[in-house]
Each structure stands twice: as structure tokens, then as C-alpha cells.
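Each chain, letter by letter, is given below.
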Amino acid sequence: MTTFNPDEATARRLAGLSPMPDGPRAWDPVTGDGSLVEDPATRAPLVLGDRSFNWVTETVCGYAEKGPGRWWMPTFLVSAHVAGLMPLMILYLVITGVGVWGLNNVVDWAWDITNFVFWIGIGHAGTLISAILCLFKQKWRTSINRAAEAMTIFAVICAATFPGIHVGRVWMAWMLFPIPNANQIWPNFKSPLLWDVFAVSTYGTVSLLFWYMGMIPDFATLRDRAAKRLLRSNGDGPRLAVLGWNTDKVRAYAYGFLALGWRFSTRHWQNYEKAYLMLAGVSTPLVLSVHSIVSFDFATSVLPGWHTTIFPPYFVAGAIFGGFAMVLLLMIPSRELFPGMKDLVTMRHLENMAKIILVTGYMVGFAYAMEFFIAWYSGNAYEADVFLYNRVMPPWLAGPDGRYAPYWWAYWAMIFCNVVSPQIFWIKACRQSVKWIFLVAFLVTIGMWFERFVIIVTSLHRAFLPGSWGMFFPTPVDILTFVGSCGTFLTLYLLFLRFLPQFAMSEIKNVMPQADPHGYDVGGHGHGHGGGKAAGAHHAPDAPKGGI
């Protein structure tokens, strides 16, 4: 049986109209979980199992109301303890000074700026999925955009920490901002470091607004559900362990505050759609501008290895590349741990992101090759020397004078992770395998960190005068600070999974067959009597439509 000549049962399943039981789903040799449809005449379902609007609401709200399971608390405690390393290391840095880092007179940028650029790059996929794919009307984004937006916010928080502490005198970091002060000292507006302040703060603000505004209808749903349970129980429901407050009452007040008075009216939906589209338009150029400005930290200098015009597009492609890898690292475990999530985040979603990683991996590989071409074509001996003897040349290929690149291992680790490993996605079975996708995403994340390390450290550790050459070695404070930032990122993401809606319920309902205004009732599963988006998502039968 194939998708080109299906029987009635297969056709209904491919169209998402055949009900499927909860629990593990049999893997079809042709369509996988039912979403890997290759026939262009057949629309692959974006929500599996013929789920109803009520199922979407109950499932998504259930993640926040019922809790994720026993695995969450041990994982949260471990990540919170790891996150505690970061403030401890920062406190030790402030008390002792930047001498606790591995910096020296030659390598005065290293671990801190490497981590800053790494985390900023991680945050790019969220805005890309939410804004650009929204403008291009890519419906498959609906199941992954909320988690990607959350990842953006948390990555920006981690990134913003490092510029603040790398200045040495942390208490003077406020002088980066153009505000009046008694010292009559103003920031240098010609410095790309100041451009970073404006770019990153703007990007973080717009991303936060975009993420929060998308959750307002879902906050209202959670508010109304908690209020209705509170009325039915007459205040006798479960209570918080320590404070003794009624859990539903706390949820009703908290989600009600976050919902900003949302009442599911037509006027609210109309204004919401306009504002969401406007923010998507504002966010789109930010994807291109923020990491371009971050690259100007290096490209506007005269240092060999940095002074190149390819850096802006190179950094943007690398940021999207690494960002999508991080989305996969977060979503794949989530869909295994949360019940019903495999019906919302299908193999089609994972395969599409694997294809994007393959394409952006080629862009990054092209940029690596262009760096060598520019070094050769420019005729600059110093530029060629940086790439050959600071990055590429291993000891067994040392030149006539015995020189080799001491950081060759970092460069070739970057090449393997970023250029070689994504090539496995040319094989259909691999890009449709959860294990292979997760492995490549993990390698890409490692490779993107090495890319920033290679760009920064290998261009600095051998300056123009051989007498000033010096190696950089990270200290335990360097390493633990970065490990603490990873713990901070994971802790924030776990809190998001526990207390906030992981999916945009209205957007998911919009892409279901029942939302089609020209739909028809098939076996009692269709809801063709509805009228477009209003019937499909905004006024679903289970969705609260007003206050309590």
C-alpha cells in the first residue's frame, strides 16, 4: 500500500481523519508516524490522530495544570544547582578580579566573548520560526514556535551576562548606556561594542513582547479553566504545600494578571492578529541585523582573521544553524516525556528542521571556504598565516620551519561537527530518524561553540610580533561560569515547561482539518459547519469565551 494508491483507511489516516488511540503509535514503512507523506497531492497532517479542539486544549493546558511528571523535579534540582555555579563564579570574579580568568596580554578576549556570541546565536532560531516563517505562512511552525521563542528569551538572558562581567569593573557597566552622568563621560557611538548594546537590548525586548503577546489567549484559557474549577469545588480544591493557598485560586489570579483582561471577543482577536503581524514584521529584520552587528565587533577591526566583509552573512547563517540545532535538542526529549506531544510535534516537523540544518550547514561550510579564498586572493601574508598556522595545520603537517597550529584540534572539531555531520541528512532514513537528528543537533551545538572559540582565540593568540605570542588556557572559573550559564538556560526552560503553555492553542487549531471553512463532516470527525478561523480556533467548542 502506498500514498499514491491508498485504500479508504489509509486515505483517512493520511488526511488526519482516522482516530488513533493514545500511546505508542505503530511506525508505518511509508509515512512513518503518518506525517511523512511524499505525495504532493496529499496534504500531510500537522496534528495526528484526528484530534478534536477539546483534546488540544485539554492536552496543552494539562501540561501546566497537571505537571510534567516525576522526572521534572529531579531534573530541575540538578539544573538549578548547576545554574548556581554562575552567580558564585561571578561573585568570585568581582571580589578577586579578572585575573581568575585565563586571559593574558595577547588574548584579552576569549571565553567570555565566545560564550556571548554563542548564546546570541542560539536565540536566533526562535525569532526566525516565529516571525519569518509566520510572514511566509508556513503552517508547520505552529507546533514549535512557542518553545523556540522561549529559548530565544533564555538564550539572550545568558548572553547578556557575559558583556556585563567581561568589563572587569562590573559596577561600572551602566556607563555603556548613553545616560547623563556627573563624570561627563559618554559612550563612543563609533564603537561596535556600543552597537551591541542597542542591538541586543532591542532584540531581547521585541522577542519578549512577541513571546508574551502570543501567550495572552492561552493565559486567558488557563485563567478561565482555573476559575471554573474553583467555582465547582467551592474553594475545597488542592492547596499549595507550604503556604496553604488554594492552587486554582493562585492560578486564576496569576494567569488572569498575565491575560490582561482577554475575553475572546472578536475585537480582541482582530487587534491581536494585527499586533502579531506587526511584531513579526519588526522582528524579521532583527534576525538579520543583530548577529550582523555582533560580527562587526570583529569585522571592523584590522586584525588578520577578523577583517573580512563575509562576517555578517556568515554569522547570521551560523546563528540560524545553531539555533535550529538547539530547538531540536529541546523538542526531541520533550515529545518523548510529555504525553500526547508526538501528535503535535510530528516527524514532519523534525524532518523540516533537519533539512534547514542541512541547508544552513552548507552556508556555513561555504563561509569557511571563502575565508581561505579571501586570504589567498587578498595577497595578505598575515591573513594567510592566520588560517594556516593558527587554525588548520596539524603537527604532522608542520611547515619547513616546524610551525603548526596549536589550536588545530578546535578547528577540525568545528569542521567535523558543522560541515561533515549534517551531510548524513542527505539520507532519507537518517533525517527521519529521531536518534540521528538528535545526534547531529548535539554535534552542531558543540561545533558552533568551537566556531566562536576558533574565530576569537586563534586570531588573537599570535599577534604581529612573535615575541608577544601566547596561548590561552581556560581556568576552572572560565569553565564553571559557562557550565553555570548552561544550567541557567536549562532551569529557565524547565520552568517554562512547568508553568506556561508550551503551544499556541489557537494556531494549532487553525491548521487542523476542522478549521477549514469548506470542510465536511467525515464519520463525525469533521466540523465543516464552522466558519474559518472563528470556528476552527478562536471559538472552539471547548475554549472559554468570556469571564467567570
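Note that the structure is a prediction, hence the values are computed from the model and not measured. (Residues numbered from 1 in each chain as written. Predicted model: local features only at pLDDT ≥ 70, side-chain atom pairs only at ≥ 80, totals over all residues. Heavy atoms only, no water.)

(A) Structural view of the overall build of the protein. A count of helical and extended segments in the protein gives 19 helices and 0 strands. The burial tally for the protein puts 54% of its 548 residues in the buried class. Long-range contacts, defined as pairs at least 24 residues apart, comprise 77% of the intrachain contacts of the protein with a sequence gap of at least 6. Accessible area for the protein stands at about 24500 Å²; split by element, carbon and sulfur atoms hold 69% of it. (Helix = DSSP H or I, 4+ residues; strand = E, 2+ residues; numbered from the N terminus. Buried < 20%, exposed > 50% of the residue type's maximum accessible area, 1.4 Å probe, protein only. Contact = heavy atoms within 4.5 Å. Areas by Shrake-Rupley, 256 points an atom, 1.4 Å probe, with all protein chains shown as cover.)

(B) Seen up close, the pattern of salt bridges. By the definition in use, this model includes 15 salt bridges. As a salt-bridge pair, Arg 51 and Asp 343 come within 2.6 Å of each other at their nearest N and O atoms. Of this pair, Arg 51 sits in the loop between α1 (8–14) and α2 (53–65) while Asp 343 sits in the loop between α11 (311–337) and α12 (347–377), and the two are 292 residues apart along the sequence. With relative accessibility at 4%, the residue Asp 343 sits in the buried group. Put simply, Lys 342 and Glu 336 hold a salt bridge, and the shortest N to O gap is 3.3 Å. You can call Lys 342 partly exposed: its relative accessible area is 38%. Where salt bridges share partners, they join Glu 58, Glu 65, Arg 225, Arg 229, Asp 248 and Arg 251 into one cluster. (Salt bridge = Lys/Arg side-chain N within 4 Å of Asp/Glu carboxyl O.)

(C) Molecular detail of the packing of α12 against helix α13 (residues 381–392). It is the contact of α12 with α13, at a shortest axis distance of 7 Å, that shows an interaxial angle of 135 degrees. When the axes of α12 and α13 are compared, the pair comes out oblique. Counted together, Glu 371, Phe 372 and Ala 375 of α12 and Glu 383, Ala 384, Phe 387, Arg 391 and Val 392 of α13 form the full contact between these two elements. Class assignment for the residues of the contact of α12 with α13 results in 5 nonpolar, no polar and 3 charged. (Axes fitted to C-alpha atoms, helices over the stretch in contact; angles between N-to-C directions. Parallel < 35°, antiparallel > 145°, perpendicular 65-115°, else oblique. Nonpolar A, V, L, I, M, F, W, Y, C, P; charged D, E, K, R; others polar.)

(D) The nonpolar core, seen in detail. Ranked by internal contacts, the top residues of the largest apolar core, which has 144 residues, are Trp 119, Phe 298, Phe 489 and Phe 496. Per element, the largest residue contribution to this core is 15 residues, and it comes from α11. Residues within four places of Trp 119 in sequence aside, it is in contact with Ala 155, Cys 158, Ala 159, Phe 162, Phe 482, Ser 485, Cys 486 and Phe 489. (Core = buried A, V, L, I, M, F, W, Y, C linked by side-chain atoms within 4.5 Å.)

(E) The arrangement of the confidence of the model for the protein in detail. In the predicted model, the protein carries a mean pLDDT of 84, and the fraction of residues at 70 or more is 89%. Averaged over each element, pLDDT in the protein is lowest for helix α19 (residues 532–538) (37) and highest for helix α3 (residues 72–83) (95). Note that residues 1–6 has pLDDT below 50 and, in this model, 12 contacts with residues that lie over four places away or in other chains. This stretch, residues 522–548, has a pLDDT under 50; its non-local contacts, to residues over four places away or in other chains, come to 64 contacts. (pLDDT = per-residue confidence, 0-100.)

(F) Molecular detail of the packing of aromatic side chains. Taken as a whole, this structure holds 50 aromatic pairs when the rule is applied. Judged by centre distance (5.0 Å) and plane angle (90 degrees), the rings of Trp 262 and Trp 269 are edge-to-face. A single burial state applies to Trp 262 and to Trp 269, both of which are buried. When the ring of Phe 372 is compared with that of Phe 387, the centres are 5.2 Å apart and the planes differ by 50 degrees; the resulting orientation is tilted. Residue Phe 372 is found in helix α12, and its partner Phe 387 is found in helix α13; the two are separated by 15 residues along the sequence. (Phe/Tyr/Trp six-rings, centres within 6.5 Å; stacked < 30°, edge-to-face > 60°.)

(G) Fine view of the environment of Gly 84. Secondary-structure assignment places Gly 84 in the loop between α3 and α4 (85–96). Overall, the relative accessible area of 26% leaves Gly 84 in the partly exposed class. Along the chain, Gly 84 and Ser 485 lie 401 residues apart, while their C-alpha atoms are 9.0 Å from each other.

(H) Spatial organisation of the state of the cysteines. In this structure the tally under the stated criterion is 0 disulfides. Counting only cysteine sulfurs, Cys 158 is the nearest neighbor of Cys 486, a cysteine outside any disulfide, at a range of 7.7 Å. Taking the relative accessible area as the measure of exposure, Cys 486 reaches 30% and is therefore partly exposed. (Disulfide = S-S within 2.5 Å.)

(I) Summary view of α12. In this model, α12 (31 residues) spans 44 Å end to end at C-alpha, consistent with the 45 Å of a helix rising 1.5 Å per residue. Once α12 ends, the next one or two residues include Gly 379, with phi positive near 70 degrees. (Expected span 1.5 Å × (residues − 1).)

(J) Highlighting the packing of α2 against helix α8 (residues 192–233). α8 packs onto α2 with a crossing angle of 75 degrees between their chain directions and a minimal axis gap of 11 Å. Taken together, the axes of α2 and α8 are roughly perpendicular relative to one another. Counted together, Thr 57, Glu 58, Cys 61, Ala 64 and Glu 65 of α2 and Thr 221, Leu 222, Arg 225 and Arg 229 of α8 form the full contact between these two elements. Considering only residue class, the contact of α2 with α8 consists of 3 nonpolar, 2 polar and 4 charged.

(K) Spatial organisation of a nonpolar patch on the surface. A cluster of nonpolar side chains, Val 94, Trp 171, Met 172, Trp 174, Leu 176, Phe 177 and Ile 179, forms an exposed patch at the surface whose accessible area comes to about 610 Å². Relative to the helices and strands, Leu 176 is located in the loop between α7 (145–166) and α8. Relative accessible area serves as the criterion here: at 31%, Leu 176 is assigned to the partly exposed category. (Patch = residues over 30% accessible without salt bridge, like charges linked within 9 Å, V, L, I, M, F, W, Y side chains within 5 Å.)

(L) Here's a closer look at the environment of Gly 34. Its location among the elements puts Gly 34 in the loop between α1 and α2. When its relative accessible area of 2% is taken as the criterion, Gly 34 is described as buried. Sequence separation between Gly 34 and Leu 48 is 14 residues; the distance between their C-alpha atoms is 7.2 Å.

(M) Representation of the environment of Ser 130. Its place among the elements puts Ser 130 in helix α6 (residues 124–135). Using a relative accessible area of 0% as the deciding quantity, one classes Ser 130 as buried. Sequence-wise, Ser 130 and Arg 146 are 16 residues apart; in three dimensions their C-alpha atoms are separated by 7.9 Å. The residues touching Ser 130, leaving out its near neighbours within four places in the chain, are Arg 141, Asn 145, Glu 149 and Phe 210. Looking at Ser 130, its side chain comes within polar contact range of the main-chain oxygen of Gly 126, at 3.0 Å. (Polar contact = N/O pair within 3.5 Å; in protein donor to acceptor, adjacent residues only side chain to side chain.)

(N) Broad picture of unusual backbone geometry. Backbone geometry places Asp 50, a non-glycine residue, at a positive phi of 50 degrees. Asp 50 gets classed as buried once you look at its relative accessible area, which sits at 12%.

(O) How the structure looks around the side chain of Thr 346. When you line up the elements, Thr 346 lands in the loop between α11 and α12. Setting aside chain neighbours within four positions, we find Thr 346 in contact with Asp 33, Ser 35, Leu 46, Leu 48 and Arg 335.

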